[in-house]
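Reading the structure
Listed here are the chains, written in short residue letters.
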Amino acid sequence: MIARLYNSITLGMLASVLMFQVTWLEMRVNIGWLFFGTVAVLFTLQTAIKPLRKICSTFTASALSLVVSCAGVYSVLGFGSMKIIPASIIREGIMQTRVPFSTINTAIIITAVVGLAVVFFSRKNEH
Amino acid sequence: MKKLLLLLVALLVVISSAYAEELSLTVNKEKGEIIIPAEVNGKYLVSPTKHALSYYKGGNGEKSIMRALVSEIDYYNALAELGAIPGNNITPADMKARNSAEGKSTEGSKVTAFITWEGSNGEIPLDAAIVSEVRDGEARPLDLRFTGNLEFAQRSHPGCYICLDSCAAGITTNAAWPTGALNNKEVSFHGNADVLPPDGTRVNVIVRLVK
């Protein structure tokens, strides 16, 4: 379950950054809420579809999702905006827009690293 | 786990309460100026928006280069108190114009806007704090007008103080770009990161009535 949740968060962030690029959408919708909605949808899909469930419950899938998400976000935003846009999406989603970007970025990095470690060490319990 | 969740909720409540402070506008009739307390939203130093200043509790509060910390209704009243005349000539139907040739420019009393913050080198014109990327042609100086739109503001609560095009929602909007210009991607705007201070910095936006 942890691996599927991890994949949902990483790929959900990539999807949110892509949605953020659509100015019409970004000006009208809280992209942070779309992020959490996307995470829920991705998690449900990975859990409900049996073949997908098996593939997505591995450490390899989680590591790959992190690489794809980081590479995708970097190619869309570049390094400068990468430090701002994902954090702005999160803080808008939790409706805490006064939290500094650096604090949110620290939380994102901790989630990415610790999350992947948890997936690695819990992989035996998944099967 | 429950304790951790409770702790997280408590933390969010504490952070939220910091935002509960409501400041007020400073209106100086002699100088014909209004000082609006606001904060920089760093998101729009790197991505496009049509909103220069919006009330943080309004619908566009988080879609703006700066978040005003006072209601836009107070701002409307302050402009009226200074003797500014609203144009009230832009309707939601005008916003559907496909390009600027089909669009309409705002009318109303002319105003100018400046920004100051701790450490700023005096008053910085709003024009210098905004980057306009024009598809064909050159950037146009801001031509801010008291558009009005009080009824829309009261009904829909968009929070808009200053829009960067002519708009049916903002109290003051920009006559330099008619409605339809943004629909046709003739221009896009974002905050100037080389001029504005970092995300979260408390600023004062000074709006002056041009007599």
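The structure reproduced in this document is the subject of the present report.

With that settled, consider the overall build of chain A. Assigned secondary structure in chain A consists of eight helices and zero strands. Counting helices and strands in the order they occur from the N terminus, chain A gives α-α-α-α-α-α-α-α. Expected size for 127 residues packed as a compact globule is a radius of gyration near 14 Å; at 15 Å, chain A falls within 12% of this value. Considered along the principal axes of its C-alpha atoms, chain A spans approximately 45 × 25 × 25 Å. The buried share of chain A, taken over its 127 residues, is 42%. Of the contacts made within chain A by residues no fewer than 6 positions apart, 69% connect residues no fewer than 24 positions apart. With an accessible surface of roughly 6,800 Å², chain A has 76% of that area assigned to carbon and sulfur atoms.

On to the interface of chain B and chain A, then. Contacts between the two partners involve 23 residues from chain B and, on the opposite side, 17 residues from chain A. When the two sides are added together, the surface that chain B and chain A hide from each other amounts to roughly 1,600 Å², 54% of it contributed by carbon and sulfur. For the chain B face of the interface with chain A, the top three residues by lost area are B:Lys43, B:Val46 and B:Lys63, together amounting to 32%. On the surface where chain B and chain A come into contact, there are six salt bridges. Among the salt bridges present, the one from B:Glu39 reaches A:Arg98, with a minimum N-O distance of 2.7 Å. Here the side of chain B that touches chain A gets four residues from one element, more than from any other, and that element is helix 1 (residues 2-18) of chain B.

Reading the values: rules and limits
Residues numbered from 1 in each chain as written. Chains lettered and ligands numbered in written order. Predicted model: local features only at pLDDT ≥ 70, side-chain atom pairs only at ≥ 80, totals over all residues. Heavy atoms only, no water. Helix = DSSP H or I, 4+ residues; strand = E, 2+ residues; numbered from the N terminus. Rg over C-alpha atoms; globule rule 2.2 N^0.38 Å. Buried < 20%, exposed > 50% of the residue type's maximum accessible area, 1.4 Å probe, protein only. Contact = heavy atoms within 4.5 Å. Areas by Shrake-Rupley, 256 points an atom, 1.4 Å probe, with all protein chains shown as cover. Buried area = accessible area lost by both parts, 1.4 Å probe. Salt bridge = Lys/Arg side-chain N within 4 Å of Asp/Glu carboxyl O.

That is the geometry; function is a separate question.
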